[in-house]
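Here's the letter readout for the chains.
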Amino acid sequence: MARALAEDFAERRHQRDGNRIAIACEDPSAFLAALLACFACRGIAILPGVTSTEGLKDRADEFDHLITDAEIARITPAARASDQALHLPEAGECKLIFFTSGSTAVPQPVPKTWRQIEAEAETLHQQFGSEIAGARVVATVPHHHIYGILFSLVWPLGTRRALFVPRQISVDAALDHSAECPTVIVSCPAHMVRLASRKVSERAPVMVFSSGAPLMADSANAMAQIAGSFPVEVYGSTETGGIGFRTQSVSGTQWTVFPGVEIRQTASRCLAVRSAVTPGGDWFETSDLCVMSPDGRSFQLSGRNDRVLKIEGVRVSLPRIEALAQANSCVLDAAALGLDTDKGQKLAMVATLTPEGEQLLKSKGKFRLERDLSTAIRTSENAASAPKLWRFVQEIPTNERGKIQAAALAALFSG
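Residues numbered from 1 in each chain as written. Predicted model: local features only at pLDDT ≥ 70, side-chain atom pairs only at ≥ 80, totals over all residues. Heavy atoms only, no water.

Draft legend 1. Structural view of the nonpolar core. Ranked by size, the top nonpolar core spans 65 residues in total, and within it Trp-114 and Phe-209 carry the most contacts. In terms of residue count, the dominant contributor to this core is helix α2 (residues 28–40) (10 residues). Contacts of Trp-114, omitting those with residues within four sequence positions, involve Leu-35, Phe-39, Ala-91, Cys-94, Leu-96, Ile-149 and Val-154. By size, the runner-up hydrophobic cluster in this structure holds 20 residues, among which are Val-316, Ala-325, Ala-334 and Leu-353. (Core = buried A, V, L, I, M, F, W, Y, C linked by side-chain atoms within 4.5 Å. Buried < 20%, exposed > 50% of the residue type's maximum accessible area, 1.4 Å probe, protein only. Helix = DSSP H or I, 4+ residues; strand = E, 2+ residues; numbered from the N terminus. Contact = heavy atoms within 4.5 Å.)

Following this line, the structure appears as structure tokens:
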């Protein structure tokens with residue numbers, strides 16, 4: 001398949017200038033074939049992070065050619081590829097461009113080389129390889145983001161542990177796979193909510209990975225009950241690659257730094273990281289506030305430096321307000337945001353409710369529940385910190401990797 005695709009890509013480039021090839025395949029085997037074909041014809045693999053027609057249209061300026069599952073289905077049956085082996089450039093010459101999640105801004109392109117991807121996979125194997133020997137990998141997250149491609153494709157294929165399953169498989173279905181063979185589950189917080197009703201698995205997965213956001217304690221505990229061990233949470237970003245990992249088996253567990261990764265605290269108390277996969281191998285400053293351990297090999301996160309608003313002249317930390325809301329027995333999860341209005345910026349909150357909260361919503365009504373929740377936050381902080389606008393939803397809007405989407409939150413207050 002890859003050889004046929006490489007010949008088709010070469011023909012496309014001959015007919016039309018441009019070597020930026022967007023790969024938007026949901027089938028993992030088709031995705032890999034297209035990726036190899038792109039490298040073979042010296043193209044730049046663009047991973048737009050979306051597969052919908054509308055999403056791809058929004059990023060049309062970022063690529064010259066588009067490959068989808070439908071395109072591959074059209075090309076490969078009719079292709080007459082030669083028997084000649086597919087020749088790939090050196091890993092450092094194979095170029096990819098990922099995009100940031102866009103949770104707080106317009107998605108930005110992040111260039112990588114295949115050598116950097118391989119380096120990350122080697123780090124993962126160095127850290128966890130001995131613990132998951134012989135297990136197959138099942139992912140609930142898509143493979144066209146850095147977390148998905150590393151954990152569900154590159155690392156498993158490199159160690160012959162890949163198990164291709166339909167994309168967007170549920171955690172329940174992934175747990176069912178573990179009953180058939182030793183399994184590693186690759187997932188995210190958004191996919192591991194409301195697991196308490198799941199029965200304990202007859203055969204627990206060997207390991208469960210989670211990334212994209214910190215895992216709520218309830219979800220971590222529920223998975224530990226079901227699977228027999230706490231999920232391994234991985235912290236990092238598209239720009240930095242993996243930075244550290246932790247489990248919540250001990251309250252307040254710090255993040256442990258991956259091998260080959262250096263960290264330090266900046267003057268603004270943010271975490272900075274340097275490794276073989278950071279841009280240019282230089283220090284990269286994140287927006288995450290941190291507290292470092294004396295030995296510099298572990299750290300705690302303490303919110304984000306870019307999630308501080310000035311409301312009524314007072315600096316308000318959104319993570320702090322979210323934590324106060326979640327401390328209330330009525331609130332299961334919460335996401336705070338600032339909304340620009342004709343009267344200035346207002347603090348808003350989107351929340352999911354516990355059964356107790358749902359009952360109070362029915363008995364008291366929305367207005368009184370909002371007032372009670374805002375009063376509780378105001379009592380702990382100040383008047384400016386009390387959300388003026390509330391929306392109660394069944395699920396906080398996130399993307400397929402579990403990252404909260406600012407635009408989707410704001411849309412709940414439009415109209």
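Draft legend 2. Seen up close, the packing of helix α10 (residues 355–364) against helix α11 (residues 366–380). Running from N to C, α10 and α11 cross one another at 125°; their axes reach a closest spacing of 7 Å. It follows from the interaxial angle that α10 and α11 lie oblique. When α10 is examined against α11, the residues Gly-357, Leu-360, Leu-361 and Lys-364 are found in contact with a partner set consisting of Lys-366, Arg-368, Leu-369 and Asp-372. Across the contact of α10 with α11, the residue classes tally to three nonpolar, one polar and four charged. (Axes fitted to C-alpha atoms, helices over the stretch in contact; angles between N-to-C directions. Parallel < 35°, antiparallel > 145°, perpendicular 65-115°, else oblique. Nonpolar A, V, L, I, M, F, W, Y, C, P; charged D, E, K, R; others polar.)

Draft legend 3. View of the pairing of strand β12 (residues 262–265). In this structure, β12 lies alongside strand β13 (residues 270–274), joined through four bridges in antiparallel fashion. Counterpart to Ile-263 in the pairing with β13 is Val-273. Linking β12 back to β13 in an antiparallel pair, the connection comprises four residues, with Arg-269 at a positive phi of about 70°. (Pairing = 2+ DSSP bridges.)

Draft legend 4. A look at the packing of aromatic side chains. On inspection of all chains with the given rule, the structure shows 12 aromatic pairs. The ring of Phe-99 carries the charged tip of Arg-59 above its face, separated from the ring centre by 5.2 Å. (Phe/Tyr/Trp six-rings, centres within 6.5 Å; stacked < 30°, edge-to-face > 60°. Lys NZ or Arg CZ within 6 Å of the ring centre and 35° of its normal.)

Draft legend 5. Seen up close, the side chain of Arg-59. Among the structural elements, Arg-59 can be located in the loop between α3 (53–58) and β3 (65–68). The buried charged residue Arg-59 lacks any salt bridge partner; its closest oppositely charged side chain belongs to Asp-58, at an N-O distance of 6.8 Å. (Lys, Arg positive; Asp, Glu negative; His and termini not counted. Salt bridge = Lys/Arg side-chain N within 4 Å of Asp/Glu carboxyl O.)

Draft legend 6. Fine view of the sheet that holds strand β19 (residues 344–353). The strand order β18-β19-β20 describes an open sheet built from three strands, whose pairing is mixed. The sheet is open, and its two edges are formed by β18 (331–341) and β20 (389–392), each paired on a single side. The mean angle between the axes of side-by-side strands here comes to 20°, regardless of whether they run parallel or antiparallel. Pairing of β18 with β19, which is carried by 10 bridges, proceeds in the antiparallel orientation. Bridge pairing in β19 places Leu-337 opposite Ala-348.

Draft legend 7. The arrangement of the sheet that holds strand β9 (residues 232–237) in detail. An order of β6-β7-β8-β9-β10-β11-β15-β14-β13-β12 is seen for the 10 strands of this open sheet, with the pairing classed as mixed. Pairing within the sheet leaves two strands with one partner each, and these edge strands are β6 (136–139) and β12. Strand-to-strand twist of the sheet, defined as the mean angle between neighbouring strand axes without regard to direction, takes the value 40°. Where strand β11 (residues 255–257) and strand β15 (residues 298–304) come together, two bridges link them in antiparallel fashion. Its bridge partner being in β15, Trp-255 is matched across the sheet by Phe-299. Set on the sheet, helix α7 (residues 171–178) makes contact with β6 and β7 (183–187); between it and β7 the angle comes to about 165°.

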